[in-house]
Amino acid sequence: MSQLVEIGRKVKERALSIGFEEVAVSVSSSNSVMVKFANSEPSVVQNWASLEINVYVAKNQRILGTSAPVSSLEDAYKILENLYNMHSRLPPSMLYAPLPEPGKPSPLQGLVDKKLVEAVSDPSGISEAVVEAVNRYKIDYFAGMLQVSHDKKALVTSKSAELQEESTYIKMYIRAFAGEGSGQWSLGSRRLDIRRIEEVAETAADFAYRSRAQEDVPPGRYNILLSPMVAGNLLNYVAEMALAHSVLMGSSIFMNKQPGDRVASEVFTLEDAPNLVELPGSTSFDDEGVPTYNKPIIEKGVLKTLLHNTKTATKFGAKTTGNAGLVFPRLWALNVPRGDYKFEELLEEMKNGLIVTNNWYTRLQNYVEGTFSTITRDAIFIVKDGEIAGAARKLRIADSFPRLLQNIVALGDTPYDMYWWEVDVPTRTPYLLVKDLGTSKHTA
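What you are looking at is a predicted structure, and each value in this text was computed from that prediction instead of being measured.

Trainee: Any chance you could explain unusual backbone geometry here in plain terms?
Mentor: Across the chain, the bulk of peptide bonds are trans and the bulk of non-glycine residues have phi less than zero. The phi dihedral of N39 is positive, around 50 degrees, even though this residue is not glycine. By the secondary structure assignment, N39 is in the loop between strand 1 (22–38) and strand 2 (41–59). Looking at N39, the relative accessible area reads 64%, which means it is exposed.

If you want it as structure tokens, here you go:
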């Protein structure tokens, strides 16, 4: 770890020596392994080690930042020279604010699991658990991916911050197929629990088996139970709109809202959760060296705060929330506190409607109004009189985020940790029951 801090110090000193006034250098190293599954067996195992440098520099209120993999200090110095050659051609930034004085973040406990460190060298035990668990069900075949990483990062700034952190995580999804049906499930965690790995495989296989015979359902408005896969994807978009620069750029449903305004159902809370150590993304400090902390973005339906770095906080007359990325604010991890409905009780509350278990390709038609559509994927279950009565062919959910947030009526009592390419920010969420949500026909 001290090696990364030393690299950061040398890059900082070089940046100051060539004329920059402020510098923040984040150096990260990662050892990872990825196992890809195809035709019901591991098909490719790929290992890699990487070193990346993230540099923020400022001079005369002109700010620049970049990220790049490097193999030597000379690579980093060349990046600095290129940035210096560019800086005079930029106007002063409307978002400029000095880097903050270093904070004193308390180290988070539990970011490293030795079993995951060992799994980077030998993931065979996890792979075997996946294959064995999926094959407990009568499916045709499955595919998927799991990635295990052991990461280290260090932050050095010209305000004398020198911070470091070490972590591990597993990220995976499994997609199973049976007849006309398919099912998918995901997991993101900083800890290795083989039983949770098996549950991912079993859930995907179970959804596939139970949706192997499907029927068309007409487009219209339905009561829809969003699985944690779907809720995680859609709430990534909502949280992204709570970043202060999204509001500044006019790409947010919150740009005409103020903290204290009601924006969702009172049963719903969405938290920025960088200190939820079980989730990948958790961290004790941001890219300005400010301590992170958990906070509600929306609490019981009320907008509580936008998410800031020092620059956007200065622009808004607010305080930084510990969400600094290299230049703009960023998300670390998200949490939706669970409700008190068991799964069967959610179906009873729904009465008639659909359970959507997965979605791909969410697209915004209007960011301010929050109108969007997303293609449902894999198992969709038809619910009649509070019980699952069959499976449906895919369609689109087509509505708006403000309406979706206002129409949440119940939350499940079990949280799930989701992390895969359609849930880019690790998210813990239960099932969400949304009433009267719009759908349209999927024609592709």
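Trainee: I'm lost on the sheet that holds strand 1 in this one. Help?
Mentor: Sheet strands pair by backbone hydrogen bonding; their relative direction is either parallel or antiparallel. On the basis of which strands lie adjacent, the open sheet formed by six strands has the order 3-2-1-4-5-6 and antiparallel pairing. Where the open sheet ends on each side, the last strands, each with one partner, are strand 3 (62–69) and strand 6 (181–189). Neighbour-to-neighbour, the strand axes of this sheet turn through a mean angle of 15 degrees, independent of strand direction. Judged from the 16 bridges that link them, strand 4 (residues 141–157) and strand 5 (residues 162–178) form a sheet pairing that is antiparallel. Looking at the pairing, A154 lines up with Q164 of strand 5. On the sheet, helix 5 (residues 194–210) packs against strand 5 and strand 6 and is oriented at approximately 160 degrees with respect to strand 6.

Trainee: What is the right way to look at helix 3 (residues 114–121) in this model?
Mentor: Structural remark: α-helix, 3.6 residues per turn; residues separated by three or four positions point the same way. Listed in full, the buried residues belonging to helix 3 are L116, A119 and V120. Each buried residue of helix 3 lies within a common arc of 110 degrees when the element is viewed along its axis, so the set occupies one face. Those residues of helix 3 that are exposed and angled more than 90 degrees off the buried face are K114, E118 and S121. Looking at the buried side of helix 3, the elements it contacts are strand 1, strand 2, helix 4 (124–134), strand 4, strand 5 and strand 6.

Trainee: Help me understand helix 2 (residues 73–87), please; the structure alone is not making it clear to me.
Mentor: Look at helix 2: 21 Å from first C-alpha to last across 15 residues, which is about the 21 Å you get at 1.5 Å a residue. Within helix 2 the residues assigned to the buried category are A76, Y77, I79, L80, L83 and H87. Each buried residue of helix 2 sits inside an arc of 155 degrees when the element is viewed along its axis, so together they form one side. Facing away from the buried side of helix 2 by more than 90 degrees, the exposed set consists of E74 and K78. Check the buried side of helix 2 and you find it contacts helix 1 (2–17), strand 2 and strand 3.

Trainee: How should the sheet that holds strand 9 (residues 270–272) be read in this particular structure?
Mentor: Pairing is mixed in the open sheet, where six strands are placed in the order 11-10-9-12-21-20. The outermost strands of the open sheet, each flanked by one partner alone, are strand 11 (302–303) and strand 20 (416–420). Across the face of the sheet, helix 6 (residues 228–240) comes into contact with strand 9, strand 10 (295–299), strand 12 (334–335), strand 20 and strand 21 (423–429) while running at roughly 115 degrees to strand 21.

Trainee: Could you clarify how one ought to interpret a nonpolar patch on the surface in this entry?
Mentor: A surface patch of nonpolar side chains, amounting to about 270 Å² of accessible area, comprises L248, M249 and F316. Note on placement: M249 falls in the loop between helix 7 (244–248) and strand 9. With a relative accessible area of 55%, M249 lands in the exposed category.

Trainee: Sorry if this is basic, but what is going on with the environment of K300 here?
Mentor: Mapped onto the elements of the fold, K300 is located in the loop between strand 10 and strand 11. You can call K300 exposed: its relative accessible area is 58%. For the pair K300 and E266, spaced 34 residues apart in sequence, the C-alpha separation works out to 4.2 Å. In contact with K300, not counting residues within four places along its chain, are R262, S265, E266, F268 and T269.

Trainee: Just to check I follow, could you spell out the nonpolar core for this structure?
Mentor: Nonpolar side chains tend toward joint burial in soluble globular proteins. Counting residues in each nonpolar core, the largest one holds 49 residues, and the members touching the most others are V130, V148 and I174. Broken down by element, this core gets its largest block of residues, seven residues, from helix 5. Filtering out sequence-adjacent residues up to four positions away, V148 remains in contact with N31, S32, V33, L116, A119, V120, I126, Y169 and I170. Core analysis: the second largest hydrophobic core is formed by 46 residues, I253, L270, F372 and I380 among them.

Trainee: Looking at this model, I keep getting lost on the packing of aromatic side chains. Mind explaining?
Mentor: Within a pair of aromatic rings, the relevant descriptors are the distance that separates the centres and the angle that separates the planes. Across all of its chains, the model carries 18 aromatic pairs by this definition. When the centroid spacing of 5.7 Å and the interplanar angle of 85 degrees are considered together, the rings of W360 and Y361 count as edge-to-face. For W360, a relative accessible area of 9% puts it in the buried group. Geometrically, the ring pair formed by W420 and W421 is tilted, given 4.9 Å between the ring centres and 45 degrees between the ring planes. On the accessibility criterion, W420 (1% relative accessible area) is buried.

Trainee: Would you mind showing me how to read the environment of D399 here?
Mentor: When you line up the elements, D399 lands in strand 18 (residues 396–400). Residue classification places D399 among the buried residues on the basis of a relative accessible area of 10%. Aside from chain neighbours lying at most four places away, what touches D399 is R221, G370, T371, F372, D436, L437 and G438. At a separation of 2.5 Å, a polar atom in the side chain of D399 contacts the side chain of R221.

Trainee: Whenever I open this one, the pairing of strand 13 (residues 353–356) confuses me. Can you help?
Mentor: As a general feature of sheets, a regular strand has side chains that alternate between the two faces. Note: strand 8 (residues 221–226) against strand 13, four bridges, orientation parallel. Along strand 13, the bridge assignment pairs L225 with I355. In this structure, strand 13 lies alongside strand 16 (residues 380–384), joined through four bridges in antiparallel fashion. The residue of strand 16 that forms the bridge with I355 is F381.

Conventions adopted
- Residues numbered from 1 in each chain as written.
- Predicted model: local features only at pLDDT ≥ 70, side-chain atom pairs only at ≥ 80, totals over all residues.
- Heavy atoms only, no water.
- Helix = DSSP H or I, 4+ residues; strand = E, 2+ residues; numbered from the N terminus.
- Buried < 20%, exposed > 50% of the residue type's maximum accessible area, 1.4 Å probe, protein only.
- Pairing = 2+ DSSP bridges.
- Axes fitted to C-alpha atoms, helices over the stretch in contact; angles between N-to-C directions.
- Contact = heavy atoms within 4.5 Å.
- Arc of directions from axis to C-beta.
- Expected span 1.5 Å × (residues − 1).
- Patch = residues over 30% accessible without salt bridge, like charges linked within 9 Å, V, L, I, M, F, W, Y side chains within 5 Å.
- Areas by Shrake-Rupley, 256 points an atom, 1.4 Å probe, with all protein chains shown as cover.
- Salt bridge = Lys/Arg side-chain N within 4 Å of Asp/Glu carboxyl O.
- Core = buried A, V, L, I, M, F, W, Y, C linked by side-chain atoms within 4.5 Å.
- Phe/Tyr/Trp six-rings, centres within 6.5 Å; stacked < 30°, edge-to-face > 60°.
- Polar contact = N/O pair within 3.5 Å; in protein donor to acceptor, adjacent residues only side chain to side chain.

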